[in-house]
Amino acid sequence: MKIAFLGLGNMGGHMARNLKEAGYDVVAYDLVDEARRATERDGIEISASGEEAAAGADVVITMFPAGKHVISAYRGENNDGLLSAAPENTLFIDCSTISVDEAREAAGLVHDAGHRALDAPVSGGTAGAENGTLTFMVGGPQENFDAAHPLFDAMGKKVVHCGDNGAGQAAKCCNNMLLAITTIGACEAFTLGERLGLTDQALFDVMSTSAAQCWSVTTNCPVPGPVPTNPASNEYKPGFATALMAKDLGLAVSALESTGTEASFGRAAHEAYTKFLDEGHGDLDFSAIIRTMGENQA
């Protein structure tokens, strides 16, 4: 099986490497020179373009910043994009985080071009991508899911078939809204603990083993020290960038509005991360929002 992996950023580069290490024939491409060079150092063949990579592939995996990039790459400027370049019945797996409507539109384009489609966004951050412990939320027909399952196993530890095309993105939307809420809650708790005279380590030791236990405390703890490998202990270097969290929360708010769902905490998280992004922190890990907790407060 030959895999074309397109999009080699903080997540995609690790995912492509894990596929290579699992024994798959991987060819890759990214618009960014540095990303291409890093992937080439991992022993992965780099194509001259995404279309060239797709031309000989059985599977095309995309990991792009936004839905517009996925749809544009699929179509190309003159219907000469990935869908045109790929052999008939190629399996297209989009691991980007995009809206449900965009995922369904992309899947429709794939099917109309005579191919197979899955949306398969991920959770687990760069550490999960690097260590092959991602969770995949997958939308698409059962037969496509079954065909792709071994690939997901090579890149992650948990794979959930959420339903038809678009269902994976629906799950990711809900997942990241809750992640943002719990991260802000963890930031507030550590800030309060500090002002009450607690050390970060003492509070971590309590919350990581008690009813407050959650990923935002145990794995992506927002204060440096308790988890030496997390972004907070590395000057908040991503990790999962604030710009991406703000984008994902924008997708969540759109979904709230389209479904008439009340979610005051989700909307508040969107407002907080939009403000943090506008203040110029887009390149920092989203847990760095803890830095705002003490501003303009006695």
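Scroll up to find the structure.
To start, this report covers the structure provided alongside it. Everything numeric here is computed off the predicted structure, so don't read it as measured data.

Following P238, the chain continues into G239 via a peptide bond in cis, with omega recorded as 5 degrees. You can see G239 is positioned in the loop between α11 (215-218) and α12 (242-259). You will see that N79, though not glycine, has its phi angle at about 55 degrees, which is positive. Here N79 is to be found in the loop between α4 (67-75) and α5 (82-85). Within the chain, E235 stands out as a residue other than glycine whose phi angle is a positive 60 degrees.

It is worth spelling out the packing of aromatic side chains at this point. What describes a pair of aromatic rings is the distance from one ring centre to the other and the angle between the planes of the rings. Summed over the entire model, instances satisfying the criterion amount to four aromatic pairs. For the pair Y74 and F92, a centre-to-centre distance of 5.3 Å together with 75 degrees between the ring planes defines the contact as edge-to-face. One end of the pair, Y74, is in helix α4; the other, F92, is in strand β5 (residues 91-94), with 18 residues separating them in the sequence. An identical accessibility class is assigned to Y74 and F92; each is buried. Relative to F286, the ring of Y273 lies with its centre 6.3 Å away and its plane at 50 degrees, an arrangement referred to as tilted.

As a further point, take the nonpolar core. The biggest cluster of nonpolar side chains holds 33 residues, and the ones touching the most others in it are F190, M245, L249, Y273 and I290. Every element with two or more residues in this core is listed here: α9 (167-195), α10 (200-207), α12 and α13 (264-281). Sequence-distant contacts of Y273, that is, excluding residues within four places in its chain, are made with A180, T183, I184, T242, M245, A246, L249, F286 and I289. One finds L19, I44, V59 and F152 within the second-largest nonpolar core, a separate group that totals 32 residues.

Let's shift gears to helix α6 (residues 100-112). Between its terminal C-alpha atoms α6 stretches 18 Å, which fits the 18 Å expected from 13 residues at 1.5 Å a residue. The set of residues buried in α6 consists of A103, A106, A107, L109 and V110. The arc that holds every buried residue of α6, seen down its axis, measures 160 degrees, which confines them to one face. Exposed side chains of α6 directed beyond 90 degrees from the buried face belong to D101 and D112. Buried residues belonging to α6 abut α4, α5, β5, β6 (116-119) and α9.

What counts as what
Residues numbered from 1 in each chain as written. Predicted model: local features only at pLDDT ≥ 70, side-chain atom pairs only at ≥ 80, totals over all residues. Heavy atoms only, no water. Helix = DSSP H or I, 4+ residues; strand = E, 2+ residues; numbered from the N terminus. Phe/Tyr/Trp six-rings, centres within 6.5 Å; stacked < 30°, edge-to-face > 60°. Buried < 20%, exposed > 50% of the residue type's maximum accessible area, 1.4 Å probe, protein only. Core = buried A, V, L, I, M, F, W, Y, C linked by side-chain atoms within 4.5 Å. Contact = heavy atoms within 4.5 Å. Expected span 1.5 Å × (residues − 1). Arc of directions from axis to C-beta.

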